[in-house]
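Descriptive structure summary
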2 protein chains.
Amino acid sequence: MIETDAVIIGAGPVGLFQAFQLGLQDIRCHMVDALPHVGGQCQELYADKPIYDIPAISVCTGAELVANLEKQVQAFQPTMHLGQLVTDCKLQADGRIALTTSNGTQFTSKTVFIAAGVGAFQPRPLLVEGATVLEGKCLHYGLSIEQDIAGKDILVIGHDANAISAALSLAHTKPAPHSVTLMHRRDVFDAPDALVQSMRGAVSTGQLHLLIGQLTALHIYENVLQSVTVATPQGEPLEQATHHIVALLGISPKLGPIAQWELAMQRKQLEVNTENYSTSVRGIFAVGDINTYPGKKKLIVCGFHEATLAAFGAAEIIYPDRNTPLQYTTTSTALHRLLGVSDKNKPV
Amino acid sequence: MIETDAVIIGAGPVGLFQAFQLGLQDIRCHMVDALPHVGGQCQELYADKPIYDIPAISVCTGAELVANLEKQVQAFQPTMHLGQLVTDCKLQADGRIALTTSNGTQFTSKTVFIAAGVGAFQPRPLLVEGATVLEGKCLHYGLSIEQDIAGKDILVIGHDANAISAALSLAHTKPAPHSVTLMHRRDVFDAPDALVQSMRGAVSTGQLHLLIGQLTALHIYENVLQSVTVATPQGEPLEQATHHIVALLGISPKLGPIAQWELAMQRKQLEVNTENYSTSVRGIFAVGDINTYPGKKKLIVCGFHEATLAAFGAAEIIYPDRNTPLQYTTTSTALHRLLGVSDKNKPV
């Protein structure tokens, strides 16, 4: 069990800046995110797309924004717990908050910052009868299959770079599977040209099969997948032997367990006061797209402000006797010490 | 008289970002600032000092921050009215706001944004009897003297780069003044080494005189300066013939006329609601260091958020029938058109 001053749920841009602002308050923190990397939505959906409204940055991509925020928070080294979901959050009798993650990590923290955006990103599920029974055995939402696939028939469903990469990598596995098929409902793929070319090449040499159609049924015998039925564009149903399905249908956000935490909510958003962006429970703050208040706009620039005031709110809980006036990073030697910069490092 | 949708008072970082956010709302604006350049406090006091807490910018100087904000707002080309103070601000019967500046510029605007920081920066006055009588004639707060100085005795008071530059430039004026003296109370100057070296050089060749002391009296005859009395560190008073004084004592902020505008205030700060940062008068918003609300921290990152929500508040007044959902600069073609960026310009 990790005892700490602060846990941030969500390592997107606002979560990262939250860690930075906590650092300026001399508060170290742990960060938890459902994705296996930092950056959240910004990294997942806008990595290579331009953002024009971050103050003093005329244009940057989502990935650049995340990289810059990571660089900025480096001085404070937040401890990362990635690829896991906070499943439980309870106020203890001593005023601290107990958190549990899907990996079994447990925290007792004086403050918690929910910076979970639109929720935890999770793989979009295959919506066909019997799918849940097969999950983790014959149905896989990750890029690879743990089980032995030698001699098996594999179906990869999807149309993005992840789906194509997974199909190619499975087709090249040794010992070889019996067949690998990439399936999408249209013959259109959303991936870099070079990757699509590789895929077409593997199809022309027969290493990979390409099937245009939609999955309509799973044929399961004793909890093991035997074959699938696919509706082709011509409308003929087609049955294909299949032992494993890799479904890479993209990711979609889920508010998840947060909705059960007995925090005041309004239409799936956490209500906060704008003085310090605390929720209805003392010690739990909500910043970024997940909160709501009069005038709320879901913009990153607003999340940065919210995280800043929330850090001041946390300092009142963690350092109740501290009574320092507002300090500026330009002039405060105390902040320079925290940031690890000395006068020697300052730009000329 | 200029009729417009928006006037921003104060062209510091928050004022500049206010203009950018108004641009995203398709609102063009005029900006007024007391200083002869944009950037406000940041440019005036921290131009070469490091700032560490602007989101996603690990470190930048005040001048760099201002330059980046100017670049970002370029697409919207706010009209600048620099070197003038807004002296009067009145709500008209038609709901618009009438503004007058110290230059006599008049505006009628649907919305006004007070982003005046700690107030208008004004030259620190020379606090010695008779100074006000001489102002603009024998006492100058700017870097140069309009009148003919050939054969005259000039005294430059100050210890920064401005004071040294003005003294050197006056000493090199042709036809030459009779004498130019740089005076400061200590033999310590706050300017780049090279500039201080130039000054010492000019002193050693006799082109410039250096006097360590403090002005204690002005000797005036028929409203014209004749000489001054200076207290030297040794305590001996010294009388020196002087026809013109250039006083470059730095600048200090003054809230100025804003205090008389009948807006609700709290300890010299304008009260705003955090929904859209409007003051007690509809159409007048206050953003940045000049406003106050529960939790307020005087940080630039907070001003950026305030300016963003204030722009939405203004859009409700200027485009009352607009009913578009929140748009993102990453995906909205309408915003791309306003920003003047096309898909071709987007980073790869």
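Residues numbered from 1 in each chain as written. Chains lettered and ligands numbered in written order. Predicted model: local features only at pLDDT ≥ 70, side-chain atom pairs only at ≥ 80, totals over all residues. Heavy atoms only, no water.

Concerning the overall build of chain A
Scanning chain A from terminus to terminus reveals eight helices and 22 strands. With the principal axes as the frame, chain A shows a C-alpha extent of 75 × 50 × 40 Å. A burial count over chain A gives 51% of its 348 residues as buried. Taking the intrachain contacts of chain A between residues at least 6 apart in sequence as the baseline, contacts between residues at least 24 apart amount to 61%. Charged side chains in chain A number 24 positive and 31 negative. The centres of these two groups are separated by 5 Å. (Helix = DSSP H or I, 4+ residues; strand = E, 2+ residues; numbered from the N terminus. Buried < 20%, exposed > 50% of the residue type's maximum accessible area, 1.4 Å probe, protein only. Contact = heavy atoms within 4.5 Å. Lys, Arg positive; Asp, Glu negative; His and termini not counted. Charge placed at Lys NZ, Arg CZ, Asp CG, Glu CD.)

A look at the packing of aromatic side chains
What describes a pair of aromatic rings is the distance from one ring centre to the other and the angle between the planes of the rings. Throughout the structure, instances matching the rule amount to ten aromatic pairs over all chains. Counting every residue linked through ring pairs, the aromatic cluster contains A:Phe17, A:Phe20, A:Phe76 and A:Phe304. (Phe/Tyr/Trp six-rings, centres within 6.5 Å; stacked < 30°, edge-to-face > 60°.)

Let's talk about the confidence of the model for chain A
When pLDDT is averaged across chain A, the result is 92; 98% of the residues are at 70 or more. Interface scoring of the predicted complex returns ipTM 0.77; its pTM is 0.77. (pLDDT = per-residue confidence, 0-100.)

Some thoughts on the nonpolar core
What tends to happen in soluble globular proteins is that the nonpolar side chains get buried as a cluster. Residues A:Leu22, A:Ile114, B:Leu22, B:Leu99 and B:Ile114 are the most contacted members of the largest nonpolar core, which totals 138 residues. With near-sequence residues (within four places) excluded, B:Ile114 lies in contact with B:Ile9, B:Ile258, B:Trp261, B:Leu263, B:Leu270, B:Ile284, B:Phe285, B:Ala286, B:Val287 and B:Ile290. (Core = buried A, V, L, I, M, F, W, Y, C linked by side-chain atoms within 4.5 Å.)

A short note on the pattern of salt bridges
A side chain of one charge can pair with a side chain of the opposite charge if their charged atoms are brought near each other. Residue and element names in this part refer to chain A. If you walk through the whole model with that rule in mind, you get 14 salt bridges over all chains. We note a salt bridge from Arg96 to Glu3, for which the minimum N-O separation is 2.8 Å. Residue Arg96 is located in the loop between strand 6 (86–91) and strand 7 (97–101), and its partner Glu3 is located in strand 1 (residues 2–9); the two are separated by 93 residues in the primary sequence. Taking the shortest distance from any N to any O, the salt bridge between Asp187 and Arg200 comes out at 3.0 Å. Here Asp187 is found in the loop between strand 12 (179–184) and helix 6 (193–204), whereas its partner Arg200 is found in helix 6, with 13 residues between them in sequence. (Salt bridge = Lys/Arg side-chain N within 4 Å of Asp/Glu carboxyl O.)

Details of the sheet that holds strand 20 (residues 269–271) of chain A
Residue and element names in this part refer to chain A. If you trace the three strands from one edge of the open sheet to the other, you get 19-20-22, paired in mixed fashion. Edge strands, defined here as strands with exactly one partner in the open sheet, are strand 19 (265–266) and strand 22 (291–292). Relative to strand 22, strand 20 runs parallel, the two being bridged by two bridges. Bridge assignment links Leu270 to a residue of strand 22, and that residue is Asn291. (Pairing = 2+ DSSP bridges.)

What to know about the domain arrangement of chain A
Assigned domains within chain A: domain 1 (2–122 + 252–345) and domain 2 (125–249). Using C-alpha coordinates to define each centre, domain 1 of chain A is positioned 38 Å away from domain 2 of chain A. (Domains from an automatic or database assignment.)

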